[in-house]
Amino acid sequence: MNLGKLRLGVNIDHVATVRNARGGMYPDPLRAAKMAEQAGADGITAHLREDRRHISDADIDGLMEVLTVPLNFEMAATDEMQAIALRHKPHAVCIVPEKREERTTEGGLEVAREENKLAHFIAPLREAGCRVSIFIAADKRQIDAAHRIGAQVIELHTGAYCDAFADGDFAKRDAELDALRDMATYAHSLGLEVHAGHGLTYETVAPIAAFPEVQELNIGHFIIGESIFLGLEPAIREMRRLMDEARA
Ligand code: PXP
């Protein structure tokens, strides 16, 4: 099976994290987004959190103005975020779970338990022309529910796999990889487009990039961190190279 080139979405949230540490204008996430485009990013991902801890409303306004690649707008399933998405109509909206006290998006969305509510929530987004993606764990129950509510895309949460890798727990790493592989195949068989992301690094990206059903990876924290050492464009180009190598 060949589903074509694997897309790389660069998540620029943590450029805004550094900016907000001082409350000023630098570094500018929009400049990072434009540079990411030049380095070969196929899309830009930004998460407007309810507490605005990194990306701001003004950043989203700016991204919608300056980007020539698609914006993947990550948001919680709240009325406020839905209104913002409907105003901007980004290429894609990725619905993520959000907890105030978490440091990052810890788990996937509980779709199965909230099926009716989420079906109503995403319908206007789809009608507005956004591709709706649901960020979920590699769990068949959640994939079935995402399919039933009418999502076009699922993004598989790779955090547990990356954590197991970092902990040196190779049995768990392999089990997580098996689950991700099986669920990518399953979701694709239902007609869902499959994305993946969270916690991916140069060391963990290859096995995920090699899954033929996965069409997009969204990667942020590691790339922004690595750009301190390499510069943003080389950091992105290296991720792109590793993805292409794994795909081949
Ligand atoms: N995909 C989703 C849905 C996310 O919430 C995040 C984190 O914001 C990412 C991908 C990127 O994760 P990381 O910053 O760890 O690469």
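Right above here is the structure, for reference.
Residues numbered from 1 in each chain as written. Predicted model: local features only at pLDDT ≥ 70, side-chain atom pairs only at ≥ 80, totals over all residues. Heavy atoms only, no water.

Asks: Describe the layout of surface pockets, listing the residues and the values that go with them.
Replies: A volume near 550 Å³ is recorded for the largest pocket. The wall of the largest pocket is formed by 23 residues, among which His14, Thr104, His198, Gly199 and His221 lie closest to the centre. Listing elements by their share of the lining of the largest pocket, those giving two or more residues are helix H1 (13–22), strand S8 (214–219) and helix H10 (221–230). Of the residues assigned to the lining of the largest pocket, the class counts are 5 nonpolar, 12 polar and 6 charged. Approximately 340 Å³ is the volume attributed to the second largest pocket. Taken together, 23 residues make up the lining of the second largest pocket; nearest its centre are Thr158, Gly159, Ala160, Tyr161 and Asp163. When residues of the lining of the second largest pocket are traced back to their parent elements, those giving at least two are helix H7 (159–167) and helix H8 (170–189). The leading source of residues in the lining of the second largest pocket is H7, at 7 residues. A class-by-class count of the residues in the lining of the second largest pocket yields 9 nonpolar, 10 polar and 4 charged. (1 Å grid on protein atoms, 1.4 Å probe; cavity = no way out; pocket = protein on both sides within 12 Å on 5 of 7 lines; lining within 4 Å. Points joined across faces, edges and corners; volume = space filled by probe spheres on them. Helix = DSSP H or I, 4+ residues; strand = E, 2+ residues; numbered from the N terminus. Nonpolar A, V, L, I, M, F, W, Y, C, P; charged D, E, K, R; others polar.)

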